[in-house]
Amino acid sequence: MGSLRRHPPQFTALDDRQNQVPAAPVPAYDPTCYLCPGNPRVHGTQNPDYKDVYIFDNDHPVVGPHAPAIPDDQQVTGNGLYRREKAGGVARVVCYTRATT
């Protein structure tokens, strides 16, 4: 599934390859989905039985407080065209619905 589009009164999952609503109905719960309520995530953390919006730290963030520092001699690359810096920040996941999408 690629994206969600607002189709009142619910969100509808779209297939990125065709930008169309999938032909098969989307299940309300998938016991193998790491985003569904009550299911374990990648590192074993158990999702709560959430009923509304659920926000948690990404299990595989590309930024974060433990990102490595970039040595001074490696900060500028590509003949000065590119600059690299420590990728600090927070990566969060937002689940807007309990339904598997």
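In short, a report on the structure.

Rules used throughout
- Residues numbered from 1 in each chain as written.
- Predicted model: local features only at pLDDT ≥ 70, side-chain atom pairs only at ≥ 80, totals over all residues.
- Heavy atoms only, no water.
- Core = buried A, V, L, I, M, F, W, Y, C linked by side-chain atoms within 4.5 Å.
- Buried < 20%, exposed > 50% of the residue type's maximum accessible area, 1.4 Å probe, protein only.
- Helix = DSSP H or I, 4+ residues; strand = E, 2+ residues; numbered from the N terminus.
- Contact = heavy atoms within 4.5 Å.
- Patch = residues over 30% accessible without salt bridge, like charges linked within 9 Å, V, L, I, M, F, W, Y side chains within 5 Å.
- Areas by Shrake-Rupley, 256 points an atom, 1.4 Å probe, with all protein chains shown as cover.
- Salt bridge = Lys/Arg side-chain N within 4 Å of Asp/Glu carboxyl O.

**Notes on the nonpolar core**
Here is step 1 of the chain: One finds Y50, Y54, F56, V93 and C95 forming the largest nonpolar core, which totals 5 residues.
Here is step 2 of the chain: Only β3 (54–57) and β6 (92–95) provide two or more residues apiece to this core.
Here is step 3 of the chain: Those residues in contact with V93 that lie beyond four places of it in its chain are L35, Y54, I55, F56 and N58.

**Here's the deal with unusual backbone geometry**
Here is step 1 of the chain: Backbone geometry places N79, a non-glycine residue, at a positive phi of 55°.
Here is step 2 of the chain: Residue placement: N79 occurs in the loop between β4 (76–77) and β5 (82–83).
Here is step 3 of the chain: Take N79: its relative accessible area is 87%, and that puts it in the exposed class.

**With respect to a nonpolar patch on the surface**
Here is step 1 of the chain: A cluster of nonpolar side chains, namely V53, I55, V94 and Y96, defines an oily patch on the protein surface of about 350 Å² accessible area.
Here is step 2 of the chain: With respect to the helices and strands, I55 occurs in strand β3.
Here is step 3 of the chain: A relative accessible area of 44% places I55 in the partly exposed class.

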